[in-house]
Amino acid sequence: MQTPDYQRLDRAHHLHPFTDFKALGEEGSRIIERAEGVYIHDAEGHRILDGMAGLWCVNLGYGREELVAAATEQLHRLPYYNNFFKTTHPPAVKLAEKLCRLAPAHLNHVFFTGSGSEANDTVLRMVRRYWALKGKPEKQWVIGRENGYHGSTVAGMSLGGMAPMHGQGGPGVPKIAHVRQPYWFGEGRFGEGRPAGQDPEAFGRECAAALEAKIQELGEDQVAAFIAEPVQGAGGAIIPPASYWPAVKAVLAKYDILLVVDEVICGFGRLGEWFGSVHYGLEPDLMPIAKGLSSGYLPIGGVLVGDRVAETLIEEGGEFFHGFTYSGHPACAAVALRNLELMEAEGVVQRVRDDVGPYLAERWAALAGHPLVGEARSLGLIGALELVDPASGERFDSARGVGPLCRDLCFAGGLVMRSVGDTMIISPPLVISHAEIDELMEKARAALDATLARLATPTTPTTPKQEESLP
Ligand SMILES: *Cc1c(COP(=O)(O)O)cnc(C)c1O
């Protein structure tokens, strides 16, 4: 089969996630056939640097034989058995132990799921169950953040603050509220009606104050938990001002409210520590994980549970009526375990913190000099560029689609960089080399130049045909 054959069948039968089905049908999908290291290859033979590590997950890069071997061996030995009904198997037990050793000291239990969304469904059930067991069943509200992302199941979508998701499919889960996100560039600096001359740190404290106001509005005795990503991923690689997390911690310490830190992206080395919570000095009661846990080779997620909640669920809870057929699936657990062993043996996390993270930061910051870039930020191996109109220095009207144009030009130039509106984001495999970071930078700069050129010729259609401009 050739690309057009795949595209025809894809159009005829396949509904893609987060996709305008009709528009994609007209354009045709790109067919990715194989990958190695930090590169993916499409069916036309183009080699493309994957600046997104798949979907924030292929942390060890593609083509790791050790992970393939771990899956193969486990599939031969025991392809499936469940963890219900008082049974388990070696990979699930070993992975649980390994995770609890890597996690902050007070997190000593894990509940396995098949994905990050299921992990957040589990979180919602656990926090409400916890408070019911504590004799406070009225503590049910969970506070998330606008533009936060916690997955696409009904609970994940409800906990997240993605307005377009809330706009489809009717009401979400009741008793979930959202507060302002600590997005300095978008809502502090360029937010409507903002105080002039405010600095990012004052804005960070203001966001924490908004959380406190929401707790008071709902009633402290009604609020079960606050959920947040250490750095927002899908929302646009939003790195909070330094003042934000300490101020949030202080608010949560004042009231009896659980902290849920969604580590699905930040966990497993992305920020240069095993968990984003370590980077920011957080002490979460619950930590949903997924993505980089298996470097994306097989689907697996989970919730790391702090002692306070775990002891209550264990000692006072009786049966917890919750679980998934694939909770702790043996092959997925075996791959995740091997993935974590390799990360430890190869010092991947320290390398992000001490070597490639700082290297990327230095190169990435230089892109701020480009006329289209209003801000270039990064932390560890996550980064974002804010595109602005060079004439005014202001953000573009998002309807112009400048971010998506830049993304398409990146792809055409051999780089996967994603756009969230007019915010360009990267999250490359953690094993990326200096030379590959250099290549990423050259391609990003070339795409920015090409975007600028397109903007100067308004008659050109904004979305380039993939085929016409590929190398
Ligand atoms: C991707 C993501 C999820 C959802 O994970 P899935 O495996 O897609 O269900 C949840 N939280 C965060 C922070 C994510 O980035």
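Residues numbered from 1 in each chain as written. Predicted model: local features only at pLDDT ≥ 70, side-chain atom pairs only at ≥ 80, totals over all residues. Heavy atoms only, no water.

If you look the chain up in an unreviewed UniProt entry, it shows as Putrescine aminotransferase from Halomonas campaniensis. Its UniProt record gives the chain the following Sequence similarities (unreviewed entry) comment, quoted word for word: "Belongs to the class-III pyridoxal-phosphate-dependent aminotransferase family." According to UniProt, the comment filed for the chain under the heading Cofactor (unreviewed entry) is "pyridoxal 5'-phosphate". (UniProt positions renumbered as here; feature names shortened; annotations may be inferred.)

Caption draft 1: Highlighting the overall build of the chain. Summing up its helical and strand segments, the chain has 18 helices and 15 strands in all. On C-alpha atoms alone, the chain measures out to a radius of gyration of 22 Å, which is about the 23 Å that the 2.2 N^0.38 rule sets for 471 residues. Taking the principal axes of its C-alpha atoms as reference, the chain extends roughly 65 × 60 × 45 Å. The proportion of buried residues among the 471 residues of the chain is 54%. Taken as a whole, the chain presents about 20000 Å² of accessible surface, with 55% of it coming from carbon and sulfur. Of the charged side chains in the chain, 43 are positive and 59 negative; the average position of the first set lies 2 Å away from that of the second. (Helix = DSSP H or I, 4+ residues; strand = E, 2+ residues; numbered from the N terminus. Rg over C-alpha atoms; globule rule 2.2 N^0.38 Å. Buried < 20%, exposed > 50% of the residue type's maximum accessible area, 1.4 Å probe, protein only. Areas by Shrake-Rupley, 256 points an atom, 1.4 Å probe, with all protein chains shown as cover. Lys, Arg positive; Asp, Glu negative; His and termini not counted. Charge placed at Lys NZ, Arg CZ, Asp CG, Glu CD.)

Caption draft 2: Expanded view of the sheet that holds strand β14 (residues 418-420). Taking strand neighbours across the sheet as the criterion, the four strands line up as β11-β12-β15-β14 in an open arrangement whose pairing is antiparallel. Edge positions in the sheet fall to β11 (373-379) and β14, since each of these pairs with one other strand and no more. When the angles between neighbouring strand axes are averaged without regard to direction, this sheet yields 20°. Bridge count between β11 and strand β12 (residues 382-387): six bridges; the pairing is antiparallel. Bridge pairing in β12 places Val 373 opposite Leu 387. Where helix α15 (residues 348-366) meets the sheet, it contacts β11, β12 and β15 (423-426), and its direction lies at approximately 175° from that of β11. (Pairing = 2+ DSSP bridges. Axes fitted to C-alpha atoms, helices over the stretch in contact; angles between N-to-C directions. Contact = heavy atoms within 4.5 Å.)

Caption draft 3: Structural view of the environment of Arg 308. Take Arg 308: it is sitting in helix α13 (residues 307-316). For Arg 308, a relative accessible area of 35% gives the class partly exposed. Between the C-alpha atom of Arg 308 and that of Glu 36, which follows or precedes it by 272 residues, the distance is 43 Å. Of note is the side chain of Arg 308, whose polar atom sits 2.9 Å from the side chain of Asp 256. (Polar contact = N/O pair within 3.5 Å; in protein donor to acceptor, adjacent residues only side chain to side chain.)

Caption draft 4: Quick look at the pairing of strand β5 (residues 141-145). Of all five residues that make up β5, four are buried, and the element is covered over most of its length. Here β5 runs beside strand β7 (residues 223-228); their pairing, made up of three bridges, is parallel. Bridge assignment links Val 142 to a residue of β7, and that residue is Ala 225. Of the pairings in the sheet, the one linking β5 to strand β6 (residues 176-179) comprises four bridges and is parallel in character. By the bridge assignment, Val 142 is partnered in β6 with Ile 176.

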